[in-house]
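# Close look at the chain arrangement
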Amino acid sequence: MRLIIRETKKQTSQWVAEYIVHRINEFRPTKDRPFVLGLPTGSSPEQVYANLVDFYRNGKVSFKHVVTFNMDEYVGIPTSHPQSYHSFMFKHLFQHVDIPPNQIHLPSLENYSEYDNMIAKYGGIELFLCGVGSDGHIAFNEPGSSLASKTRVKTLTNDTIVANARFFDGNIDAVPKSAVTVGVKTVMDAREVILIADGRGKAEAVRQAVEGNISHVWTVTALQMHPKFIMAVDEVATEELRVKTVKYFKDIEGASAGLGKPRPKL
Ligand SMILES: N[C@@H]1[C@@H](O)[C@H](O)[C@@H](COP(=O)(O)O)O[C@@H]1O
């Protein structure tokens, strides 16, 4: 894995957005060979989406030949609900860029059993952008989820319901109790995964992802087995990592960017 550490969330988001733009452009997508992008919602990717919209407006990227698959959606609220992930995605990204609506996919009660097949029909996901819950869940793969899971309906843990109540005026009762989510394997099947995490509240999840053992208790740890996995985090999200770990990743990233001083002996 690569661990990219930037001082602030703003800088981390900028790095991730630039990386996505670079990957889309390098791929040279066409109508017959679109770039398939997996996407998350949440506060973590918000700034990334704002940056992608800026890149689009400045002519640096087009989404005309990009096909998207979102990772999750609540069950029990209509897609038109302001807090649905459907609404979130249109508000922050889709309505501002040139992606054709028929190239946008979100999981639902109607399509979830076919969702992994739909992805496979496009040749699989090229790049999956993820966030992570403070309990280490990816998408809505809560602690104890199978690391071999595919898209399905999951019951949300109390921790997640409490964490997401901030989007429902702090009202825990208004938060849906279940969701449709891609599985851990759905994410693992992507050719590349990039995860963004920021803030002190994610520090333990980041520690587990980087230094922990692979475990279904912290489903993010499955990504240690992914052949092409990047974590992009801000400084404060590294606070539970060992100093040595942080130094190691900063050192190799600095060296590979040609910025590094000679590597100190650890
Ligand atoms: N299902 C979503 C995840 O996809 C998201 O990554 C996580 C973190 O959200 P945030 O980025 O708002 O911290 O929480 C939610 O429960």
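Residues numbered from 1 in each chain as written. Predicted model: local features only at pLDDT ≥ 70, side-chain atom pairs only at ≥ 80, totals over all residues. Heavy atoms only, no water.

## Comments concerning the packing of helix 1 (residues 9-27) against helix 2 (residues 43-57)
Geometrically, a packed helix pair is captured by the angle between its two axes and the distance between the axes. Heads up, the rule is: To obtain an axis, a line is fitted to C-alpha atoms, over the contacting stretch when the element is a helix, and the angle between two such axes runs from 0 to 180 degrees between their N-to-C directions. A run of DSSP states H or I qualifies as a helix once it reaches four residues; a run of E qualifies as a strand once it reaches two. Both are numbered from the N-terminal end. Throughout, the term roughly parallel applies to angles under 35 degrees, roughly antiparallel to angles over 145, roughly perpendicular to angles from 65 to 115, and oblique to all others. By definition, any crossing whose near helix is turned counterclockwise from its far helix by less than a right angle is left-handed, and any crossing with a clockwise turn is right-handed. Throughout, a contact is declared for two residues whenever any of their heavy atoms are within 4.5 Å.
The interhelical angle for the contact between helix 1 and helix 2, taken along N-to-C directions, is 55°, at an axis separation of 8 Å. When the axis of helix 1 is compared with that of helix 2, the two are oblique. Classified by chirality, the crossing of helix 2 by helix 1 is right-handed. Seen from helix 1, the contacting residues are Lys 9, Ser 13, Gln 14, Val 16, Ala 17, Glu 18, Ile 20 and Val 21; seen from helix 2, they are Ser 43, Ser 44, Gln 47, Val 48, Asn 51, Leu 52 and Phe 55.

## Overview of the pattern of salt bridges
Condition: Think of a salt bridge as a Lys or Arg side-chain nitrogen and an Asp or Glu carboxyl oxygen that are within 4 Å of each other. For every residue, the accessible area obtained with a 1.4 Å probe (protein chains only) is divided by the maximum for its type, and the residue is called buried under 20%, exposed over 50%, and partly exposed between those limits.
Under the defined criterion, the tally for this structure stands at 13 salt bridges. Note that Arg 23 is salt-bridged to Glu 26, the shortest N-O span being 3.4 Å. Here the residue Arg 23 and the residue Glu 26 both occupy positions in helix 1, the gap between them amounting to three residues, near one helical turn. Among the residues examined, Arg 23 registers a relative accessible area of 7% and is labelled buried. Using a relative accessible area of 48% as the deciding quantity, one classes Glu 26 as partly exposed. Between Glu 235 and Lys 250 there is a salt bridge, with its nearest N and O atoms 2.8 Å apart. With Glu 235 in the loop between strand 10 (229-234) and helix 8 (243-256) and Lys 250 in helix 8, this residue pair connects regions lying 15 residues apart in the sequence. In this structure Lys 250 comes out as partly exposed when scored by relative accessible area, which is 38%. By sharing partners, the salt bridges in this structure join Arg 23, Glu 26, Glu 126, Arg 191, Glu 192 and Lys 228 into a single network.

## Overview of the nonpolar core
In plain terms, the rule: In this text, buried Ala, Val, Leu, Ile, Met, Phe, Trp, Tyr and Cys residues form a nonpolar core when linked through side-chain atoms within 4.5 Å.
One finds Val 16, Ile 20, Leu 52, Leu 93 and Leu 129 to be the most contacted residues of the largest nonpolar core, which totals 44 residues. Breaking this core down by element, the ones donating at least two residues are helix 1, strand 2 (35-39), helix 2, helix 3 (85-92), strand 6 (127-130), strand 9 (193-197) and strand 10. The element contributing the most residues to this core is helix 1, with eight residues. Core analysis: the second largest hydrophobic core is formed by 36 residues, Tyr 115, Val 193, Ala 197 and Ala 222 among them.

## With respect to the sheet that holds strand 6
The test is simple: Criterion used throughout: strands pair if DSSP finds at least two bridges between them.
Strand order in the open sheet formed by seven strands is 1-10-9-6-2-3-5, and the pairing between neighbours is parallel. A single partner strand is all that each edge strand has here, and the edge strands are strand 1 (2-6) and strand 5 (104-105). Strand direction decides the pairing type here: strand 1 and strand 10, joined by five bridges, are parallel. Bridge pairing in strand 10 places Ile 4 opposite Ala 232.

## Focus on helix 4 (residues 112-121)
Note: α-helices contain 3.6 residues per turn, so residues at a spacing of three or four share the same orientation. Note the following rule: Here, the arc refers to the directions that run from the helix axis to the C-beta atoms.
All buried positions along helix 4 are accounted for by Tyr 115, Asp 116 and Ile 119. Taken end-on, helix 4 shows its buried residues confined to a sector of 85°, consistent with a single buried face. Summarising the geometry of helix 4, the exposed residues directed more than 90 degrees from the buried face are Ser 113, Ala 120 and Lys 121. In this structure, the buried side of helix 4 is in contact with strand 3 (66-70), strand 5 and helix 6 (184-188). Trailing helix 4 by a residue or two, Gly 123 shows a phi angle of about 90°, which is positive.

## Quick notes on the site of the ligand
Quick reminder of the rule: When we say a residue is near a molecule or strand, we mean one of its heavy atoms is within 4 Å of it. What qualifies as a polar contact is a pair of N or O atoms within 3.5 Å, subject to a donor-acceptor requirement within protein and to the restriction that residues adjacent in sequence count only when both atoms come from side chains. Working definition of accessibility: Shrake-Rupley area with a 1.4 Å probe, residue cover restricted to the visible protein chains. A cavity, in this analysis, means grid points on a 1 Å lattice covering only the protein atoms where a 1.4 Å probe fits yet has no way out; a pocket is instead an open set bounded by protein on both sides within 12 Å along at least five of seven lines, and a residue lines either one if it has an atom within 4 Å of a point. A molecule is said to be in a cavity or pocket once over half of its atoms fall within 2 Å of that pocket's grid points. Each residue gets one of three labels, nonpolar for Ala, Val, Leu, Ile, Met, Phe, Trp, Tyr, Cys and Pro, charged for Asp, Glu, Lys and Arg, and polar for the others, Gly among them.
In the neighbourhood of the ligand, 15 residues make up the surrounding shell, with Ser 43, Ser 44, Asp 72, Arg 166 and Lys 202 lying closest. Val 132 is positioned such that a nitrogen or oxygen atom in its backbone is 3.4 Å from an oxygen atom of the ligand. Take His 137: an N or O atom from its side chain is 3.0 Å from an oxygen atom of the ligand. Across the complex, the protein chains shield 95% of the 390 Å² of accessible surface that the ligand would expose by itself. Most atoms of the ligand, that is more than half of them, are within 2 Å of grid points of the largest pocket. Within the residue set of the shell around the ligand, elements represented by two or more residues are helix 2 and helix 5 (158-164). Here the residues of the shell around the ligand are counted per class, giving five nonpolar, seven polar and three charged.

Just distances and angles here, no functional claims.
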